[in-house]
Structure formats: structure tokens, C-alpha cells
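Listed below, chain by chain, are the residues.
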Amino acid sequence: MKEKGVIRGVVDWTNARRYFAERLRRRQGEEQVVRAVAARAPSVARATVFGHLQEWFRNDVPGGDWQNDTAVATWLERHDADIQARLHALAREHITAAL
């Protein structure tokens, strides 16, 4: 499954709860952003939103690891106001382009 890219690797049983809690925290944050975009500009694809999120993360956290669930979840929580402003601008761009 790892070769196919379905999983990242084996999770050690002693760290499984922490790993999955952080993974869930990240996914919930990402999904919240996707829903906010969908509410403002339904024509924006999920992949586009994730691409923007990754770009914004790398701009805000130089050298940050996008694969690190804890780092991304923390960034999503701490930069919520910045992300919301960027989402507003993104939605405005897509609405303007649609006209």
C-alpha cells in the first residue's frame, strides 16, 4: 500500500493515538477551509484549494514540512485570520473570473 501512495508508512502502536489525533486535527482544519471556499465560490475545485493551502503554508513557514500533520494543523489554527483573508481574496478572484 505504501508503494501505491495509499499510506505514508507503518504507525507504531505506542504513538498511534497521538498520530491519528494530529492527523484528524489537520484534516478537520483543511476541511473547514474547503467548506469556507465552497460557500463563497462553489466553482473552485478541492485540488485548487489544497494547492493554495500548501503554497500559503510554505510562504508562512519557510522550510516547513507539508507532510508534518502537527505543523500544518498548528499553522491552520494560528493563522486562521490570515487564511480567511486569503480565502476571501481567492473567492473574489474566482467570482470575478466567472463574470
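Quick look at the structure, then. Just so it is clear, the structure is predicted and the values come from calculations on it, not from any experiment.

Okay, the packing of aromatic side chains next. In the structure shown here, the tally under the stated rule is three aromatic pairs. Taken together, the aromatic side chains of F57, W66 and W75 make up a single cluster linked through ring pairs. A cation sits over an aromatic face here: R26 above W66, 4.6 Å from the ring centre.

Moving on, we come to helix α1 (residues 16–40). The end-to-end C-alpha distance of α1, which contains 25 residues, comes to 36 Å, matching closely the 36 Å that a straight helix rising 1.5 Å per residue would cover. Within the span of α1, buried status applies to A16, E22, R26, G29, E30, E31, V33, V34, A36 and V37.

Counting residues in hydrophobic clusters, the biggest one holds 19 residues, and the most contacted among them are V33, L53, W56, W75, L76, I83 and L87. Where this core is concerned, the elements lending two or more residues are α1, α2 (46–60), α3 (69–78) and α4 (80–98). Here the element with the most residues in this core is α2; it accounts for five residues. The residues contacting I83, other than those within four sequence positions of it, are V33, W56, W75 and L76.

With that out of the way, let us pick up the pattern of salt bridges. Counted by the stated rule, this structure contains eight salt bridges. Between E30 and R27 there is a salt bridge, with its nearest N and O atoms 3.1 Å apart. With E30 and R27 both in helix α1 and three residues apart, the pair spans about one turn of that helix. On the basis of relative accessible area, E30 is assigned to the buried category, the value being 3%. Across the pair R86 and D60 runs a salt bridge, and its minimum N-O distance is 2.9 Å. Taken together, the positions of R86 in helix α4 and D60 in helix α2 put the pair 26 residues apart, joining distant regions of the chain. D60 sits in the partly exposed class, given a relative accessible area of 25%. Residues participating in the shared-partner salt-bridge network are R23, R26, R27, E30 and D69.

Positionally, T96 belongs in helix α4. In sequence terms T96 and V37 are 59 residues apart; their C-alpha atoms lie 15 Å from each other. Within the structure, the side chain of T96 is placed 2.7 Å from the backbone oxygen of R92, a separation counted as a polar contact.

In this fold, F57 is placed in helix α2. If sequence neighbours within four positions are ignored, F57 has contacts with G64, D65, W66, A71, V72 and W75.

Reading guide: rules and limits
Residues numbered from 1 in each chain as written. Predicted model: local features only at pLDDT ≥ 70, side-chain atom pairs only at ≥ 80, totals over all residues. Heavy atoms only, no water. Phe/Tyr/Trp six-rings, centres within 6.5 Å; stacked < 30°, edge-to-face > 60°. Lys NZ or Arg CZ within 6 Å of the ring centre and 35° of its normal. Helix = DSSP H or I, 4+ residues; strand = E, 2+ residues; numbered from the N terminus. Expected span 1.5 Å × (residues − 1). Buried < 20%, exposed > 50% of the residue type's maximum accessible area, 1.4 Å probe, protein only. Core = buried A, V, L, I, M, F, W, Y, C linked by side-chain atoms within 4.5 Å. Contact = heavy atoms within 4.5 Å. Salt bridge = Lys/Arg side-chain N within 4 Å of Asp/Glu carboxyl O. Polar contact = N/O pair within 3.5 Å; in protein donor to acceptor, adjacent residues only side chain to side chain.

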